[in-house]
Amino acid sequence: MKCRSVRSANVKGKRVLVTAELNVARDRAGRVVDDSRIRAVIPTLKLLQKRRAKIVLATHLGRPGGRVVSALRTKVLAPLLRRALGRQVTALSDCIGPPVEAAVKKMNAGEIVLLENTRFYPGEERNSPSFAKALSRLADVFVLESFGSAHRRHASIVGVGKYLPSYAGLQLCAEVSTLSKVLGQPQRPLVALLGGAKISTKLGIISSLLRRVDNLLLGGALANTILQAQGLQIGRSLSEPAMVRKVKALHLTDPKLHIPVDLVVARPTGRPVIRAAGAVRPGEVISDIGPDTIKLFQNILTTARTVVWNGPMGKYERRPYDGGTKAMGRAVASSRAFSVVGGGETVDALRSQRLLNQVDFISTGGGAMIEFLEGRKLPGVELVRQ
Ligand code: 3PG
């Protein structure tokens, strides 16, 4: 699948609305702790600057739910964008309306203004035509550089496309072509590694990947619900009992599917221990995959020519439950396979191991990557596909 690239857009002297994925991870104090999404949009912004466009940058932060939340103001992003671009970026205090239109009117070619969080307006998530129209009044051309939100039918993602000629940013084009290749013509064996907490958000991708991959490795709390569906004890571990019936409908006996054979469990008292799957006791909490599972997964990853990874294997941010995720990080990074990794936690885990530069492609999408690999049509991608 290919996108209509921003490279083919005539933007000279024009106002270009760029909806970018700048929903970055922040700590409790609101400080940005991961700037990879910022870095990912820079090539598109530089291209537009070089071509003398006036750039009106739209984005969201968090989930303010249609009202103004001070902690989610986009101005926190301006200095980071400024540093990455080496150019002034002016943060505005709103994203639509006459004062914003007046500020845009004064812009010179190559300048960038950053709009306030689009999700401060209920019309954004409802994709209201009036909000989309108000945004589109700020520009002559629209560029979608927000793969991470391309699965959302929101005004700044798809709504503005009704009123403006629309193109895909460079990162979005790369995401779509890389992930399509992984789905369509991967070098085999193709191995997918999925983790994370909720099986409810990954049931679709599990059944769709089972039809395409050579091996599917499942870890993290989502595997707990599978163990539960197999009638195994999981103690007080995180799971989604309401999903058990749906999980049973998956081909759990498919030889391509691999779930943990042993686990690291936290106990009500005493040190964590390793238990075989099925031997977890009441009150214990599954917190990581165990050493035999690590070996099993490593052996399979070693044979792979293409690897896709989304989601940690356990409570990766806490010792001693980081071992499974770290071992998978090393296995993916050192494998000869073409590797694609996505999801904030997975990228975070690889960064903490300083292994990010050993991965071939880092997707800026979490949920969007999952939905794309599931084979679903993402509204944002549909808007800009060729
Ligand atoms: C993301 O961080 O994955 C995107 O910005 C989408 O965010 P959302 O799940 O709040 O829509």
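Everything below is about the structure printed above this text.
Cut-offs applied
Residues numbered from 1 in each chain as written. Predicted model: local features only at pLDDT ≥ 70, side-chain atom pairs only at ≥ 80, totals over all residues. Heavy atoms only, no water. Buried < 20%, exposed > 50% of the residue type's maximum accessible area, 1.4 Å probe, protein only. Helix = DSSP H or I, 4+ residues; strand = E, 2+ residues; numbered from the N terminus. Pairing = 2+ DSSP bridges. Right-handed = clockwise from strand over helix to strand, strands pointing away. 1 Å grid on protein atoms, 1.4 Å probe; cavity = no way out; pocket = protein on both sides within 12 Å on 5 of 7 lines; lining within 4 Å. Points joined across faces, edges and corners; volume = space filled by probe spheres on them. Nonpolar A, V, L, I, M, F, W, Y, C, P; charged D, E, K, R; others polar. Domains from an automatic or database assignment.

*Asks:* Describe the pairing of strand S7 (residues 190-194), naming the residues involved and giving the relevant values.
*Replies:* Within S7, five of the five residues are buried, which leaves the element mostly enclosed by the surrounding structure. Taking every second residue as pointing to the same face, both faces of S7 are buried, with Leu190, Ala192 and Leu194 on one and Val191 and Leu193 on the other. Two elements, S7 and strand S13 (residues 306-310), share five bridges in a ladder whose sense is parallel. Residue pairing for S13: Leu194 is matched across the bridge by Asn310. Bridge analysis of S7 against strand S8 (residues 215-218) gives four bridges, and the strand direction is parallel. Looking across to S8, one finds that Leu194 is bridged to Leu218. In terms of handedness, the path from S7 via helix H7 (residues 203-212) over to S8 forms a crossover that is right-handed.

*Asks:* How would you explain the layout of surface pockets if you had to name every residue and give the values?
*Replies:* Each pocket or cavity is described by its volume, and for the largest pocket that value is around 1,400 Å³. Along its surface, the largest pocket is lined by 50 residues, and Arg37, Gly343, Gly344, Gly366 and Gly367 are the ones closest to its centre. Elements represented by at least two residues in the lining of the largest pocket include exactly helix H1 (36-50), H7, helix H12 (344-352), strand S15 (361-362) and helix H13 (367-373). Considered class by class, the residues forming the lining of the largest pocket number eleven nonpolar, 23 polar and 16 charged. Each of domain 1 (6-172 + 379-383) and domain 2 (188-336) contributes no fewer than three residues to the lining of the largest pocket.

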